[in-house]
Amino acid sequence: MTPPPAPAATVPAPGVTPAAGPAPAAGPLRGGLLVLAGMLLVALNLRAAVTSLGALLDEIRVGLGLSGAMAGLVTTLPTIAFAGLGALTPWLVRRWAAPRVLVLAMLALTAGQVLRAVTGSAAVFVLTSALALAGIAVANILLPMLVKQHFPHRTGLVTGAYTMALTVGTTVAAAAAVPIAHAFGSWRAGLGIWAGLAALAVLPWVPLALRAARRNAPPAVVVAAPARVQPARTRLGWAMAVYFGAQSLSGYAIMGWLAQLFRDAGYRPEAAGLLLAGVTALGVPVALMMPTLAGRLATLRPLVLSLTVFSAAAYTGLALAPRGLAPLWVLLLALGQGAFPLILTTIGLRARTAEGTVALSAFAQSTGYVIAALGPLLVGILYEATGGWTAPIGFLLVALAVQTAAGMVIARPRYIEDER
């Protein structure tokens, strides 16, 4: 794979203080292999807690007595948590080393998934889900920064690797949640088993956190206040946030409601879960290739427009013939959801420094998730109000148009540090 040009990762913009702290790990002997393993394990967990819920949503609604609106709130909760808590991540990494932050994030994810699987209260279910999602929110922001800090000359390769790991975790959780629940006789098993995967992700970061503590290492990003990058004051920052938000809106609506759409079309629960898993499974090669394609192209416009065409065709097919050609719509959805690895890659490509990357990542993701929060909630409301899927899919097509417009803005190469 060909990495993005070196200046994008190594040349600081005027007035920007590069990331402080120990030099980035260049190889296994300096901790690079352990960091990479930790990143991949974290990435495996970034959507499993969400897609396992989507696959079991009908059982959870019955088990906890959730209304359609409450189910919409539950499926919207990831975006709310990611928006509110993701914005705090730059503050956290200015005070503590990233390994320490990730240990706490993965512990929160582990505890939240265990607790929500054993409660019988809808309110406690929401609160413990929020705890789990808080861990994911922090990790979402940190991974692009860690790529820039530890692997500046392999941005495309490492971004593709962790995005593929994220997609694999998403796929396995969506496909296995229902069979596991049936094997154990309860949706609680299908939802809670993923806590073990989160606990596993803690392990690589413990020695890294202890090493940082022994060396009294400074936080991963230390920047003088006047030099801090402020994406909210730039056109590029807002375009990134809108693109991230629009693609996440559709992504979380799909994760939360696609299995229900296929159930309504006449598929058995197991088959509906497998079709949902198919979206993410077919997205694995897309996630692996997208960073390399984005790094090689002079402009991202061909990718942006192609992804729009795939998604529009999938939505139209789901509205007109959800059962007859379901595998085709799943394939097109998987291709269209390539917008997610594209925007993750673009965060690294549009910043020169680790500090710029974490600032842009935090702003694009936290603001984007505010936008994305509308997706599952409005889909749930429209579904309950109309009793069908035409109105919800029409809403997703409008969001796709907004996504495309923002994509045209971020397609041209430039850097957030240059747009103050």
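Residues numbered from 1 in each chain as written. Predicted model: local features only at pLDDT ≥ 70, side-chain atom pairs only at ≥ 80, totals over all residues. Heavy atoms only, no water.

1. Focus on the overall build of the chain
Definition in use: By the criteria applied, helices consist of DSSP H or I runs no shorter than four residues and strands consist of E runs no shorter than two, each listed in order from the N terminus. Only protein chains enter the accessibility calculation, which uses a 1.4 Å probe. A residue is then buried if its area is under 20% of the maximum for its type, exposed if over 50%, and partly exposed in between. Whether two residues are in contact is decided by their heavy atoms: any pair within 4.5 Å suffices. Surface exposure here means Shrake-Rupley accessible area, sampled with a 1.4 Å probe, where a residue is shielded only by the protein chains that are shown.
Looking only at helices and strands, the chain has 20 helices and zero strands in total. Taking all 420 residues of the chain together, 59% fall into the buried category. If you take every contact in the chain between residues at least 6 apart in sequence, the share linking residues at least 24 apart comes to 84%. Here the chain displays about 15,400 Å² of accessible surface, and carbon together with sulfur accounts for 71% of that area.

2. Description of the side chain of Thr-404
Here Thr-404 shows up in helix α20 (residues 390–410). With a relative accessible area of 12%, Thr-404 lands in the buried category. Beyond its immediate stretch of four places on either side in the chain, Thr-404 contacts Val-304, Leu-305 and Thr-308.

3. Notes on empty space enclosed by the protein
This is how the line gets drawn: A cavity, in this analysis, means grid points on a 1 Å lattice covering only the protein atoms where a 1.4 Å probe fits yet has no way out; a pocket is instead an open set bounded by protein on both sides within 12 Å along at least five of seven lines, and a residue lines either one if it has an atom within 4 Å of a point. Grid points are joined across faces, edges and corners, and a volume is the space filled by probe spheres set on the points. Asp, Glu, Lys and Arg are counted as charged, while Ala, Val, Leu, Ile, Met, Phe, Trp, Tyr, Cys and Pro are counted as nonpolar; the rest, among them Gly, fall into the polar class.
On inspection of all chains with the given rule, the structure shows eight cavities of 30 Å³ or more. As for the largest cavity, its lining consists of 23 residues, of which Leu-166, Thr-170, Thr-280, Gln-337 and Phe-340 are closest to the centre. Breaking the lining of the largest cavity down by element, the ones donating at least two residues are α9 (155–184), α13 (235–264), α14 (269–296) and α17 (339–349). For the lining of the largest cavity, the residue count by class is twelve nonpolar, ten polar and one charged.

4. Considerations on a nonpolar patch on the surface
Applicable threshold: What makes a patch is a set of residues exposed beyond 30% relative accessible area and free of salt bridges, joined within 9 Å when like-charged and within 5 Å when nonpolar (Val, Leu, Ile, Met, Phe, Trp, Tyr). Here, a salt bridge means any Lys or Arg side-chain nitrogen found within 4 Å of an Asp or Glu carboxyl oxygen.
Judged by side-chain polarity, Leu-282, Leu-325, Leu-328 and Leu-331 come together as a nonpolar surface patch covering roughly 310 Å² of accessible area. With respect to the helices and strands, the residue Leu-331 is situated in helix α16 (residues 326–336).

5. Focus on the packing of α13 against helix α19 (residues 374–386)
To keep things clear, this is the line we draw: Every angle, taken between N-to-C directions, lies between 0 and 180 degrees, and every axis is a line fitted to C-alpha atoms, over only the stretch in contact when it is a helix. In this scheme, roughly parallel covers angles under 35 degrees and roughly antiparallel covers those over 145, while 65 to 115 is roughly perpendicular and the rest are oblique.
Put simply, α13 and α19 touch, their axes get as near as 7 Å, and they point 30 degrees apart. With respect to their mutual orientation, α13 and α19 come out roughly parallel. Mapping the contact onto sequence places Leu-249, Tyr-252, Ala-253, Trp-257, Gln-260 and Asp-264 in α13 and Leu-374, Gly-375, Pro-376, Val-379, Gly-380 and Tyr-383 in α19. Class assignment of the residues belonging to the contact of α13 with α19 gives a composition of eight nonpolar, three polar and one charged.

6. Structural notes on the environment of Gly-237
By the element assignment, Gly-237 lies in helix α13. The sequence separation of Gly-237 and Phe-363 amounts to 126 residues, and the corresponding C-alpha distance is 7.3 Å. Not counting residues up to four positions away in its chain, the partners in contact with Gly-237 are Pro-231, Leu-360, Phe-363 and Ile-416.

7. Re the pattern of salt bridges
Across all of its chains, the model carries four salt bridges by this definition. Ionic pairing is found between Asp-58 and Arg-263, a salt bridge with its closest N-O pair at 3.3 Å. Of this pair, Asp-58 sits in helix α4 (residues 57–64) while Arg-263 is found in helix α13, placing the two residues 205 residues apart along the sequence. Residue classification places Asp-58 among the partly exposed residues on the basis of a relative accessible area of 29%.

8. Notes on the side chain of Gln-247
What counts is decided by this rule: Polar contacts, as used here, are pairs of N or O atoms within 3.5 Å; protein pairs need one atom able to donate a hydrogen and one able to accept it. Residues neighboring in sequence count only if both atoms are side-chain atoms.
With respect to the helices and strands, Gln-247 occurs in helix α13. What makes Gln-247 buried here is its relative accessible area of 2%. Here the side chain of Gln-247 touches Ser-248 through a polar contact of 2.8 Å, side chain to side chain. Filtering out sequence-adjacent residues up to four positions away, Gln-247 remains in contact with Gln-337, Ala-339, Phe-340, Ile-343 and Gln-403.

9. Notes on the nonpolar core
To be explicit about the condition: Definition of nonpolar core: a set of buried residues of the types Ala, Val, Leu, Ile, Met, Phe, Trp, Tyr and Cys, connected through side-chain atoms within 4.5 Å.
Core analysis: the biggest nonpolar cluster contains 125 residues, and Met-39, Ile-60, Trp-205, Tyr-243, Phe-262 and Leu-342 have the highest contact counts within it. Sort the elements by how many residues they give to this core and α13 lands first, with 15 residues. With near-sequence residues (within four places) excluded, Trp-205 lies in contact with Val-35, Gly-38, Met-39, Val-42, Pro-99, Leu-102, Val-103 and Leu-146.

10. So, the packing of aromatic side chains
For clarity, the threshold we go by: Stacked, edge-to-face and tilted labels apply to pairs of Phe, Tyr and Trp rings (six-membered ring for Trp) whose centres lie within 6.5 Å, assigned for plane angles under 30 degrees, over 60, and everything in between, in that order. Any Lys NZ or Arg CZ that is within 6 Å of a ring centre and within 35 degrees of that ring's normal is treated as a charge sitting over the ring.
Within this structure, the stated rule accounts for ten aromatic pairs. On the numbers, 5.6 Å between centres and 55 degrees between planes, the contact of Trp-257 with Tyr-383 is tilted. Pair noted here: Trp-257 is in helix α13 and Tyr-383 is in helix α19, with a separation of 126 residues, a long-range link. With a relative accessible area of 2%, Trp-257 lands in the buried category. Among the aromatic residues, ring-to-ring pairing joins Phe-82, Phe-244, Phe-340 and Tyr-369 into one connected group. Above the ring of Tyr-267, the side-chain terminus of Arg-323 is found at 4.5 Å from the ring centroid.

11. Quick word on α13
Heads up, the condition is: Helix span is expected to be 1.5 Å times the residue number reduced by one. Note that bend, as reported per residue, equals the angle between axes fitted to the 7 residues terminating at that residue and the 7 residues originating from it.
Here α13 is 30 residues long and its end C-alpha atoms lie 42 Å apart, about the 44 Å a rise of 1.5 Å per residue gives. Along α13, the sharpest change in direction is near 50 degrees and occurs at Trp-257.

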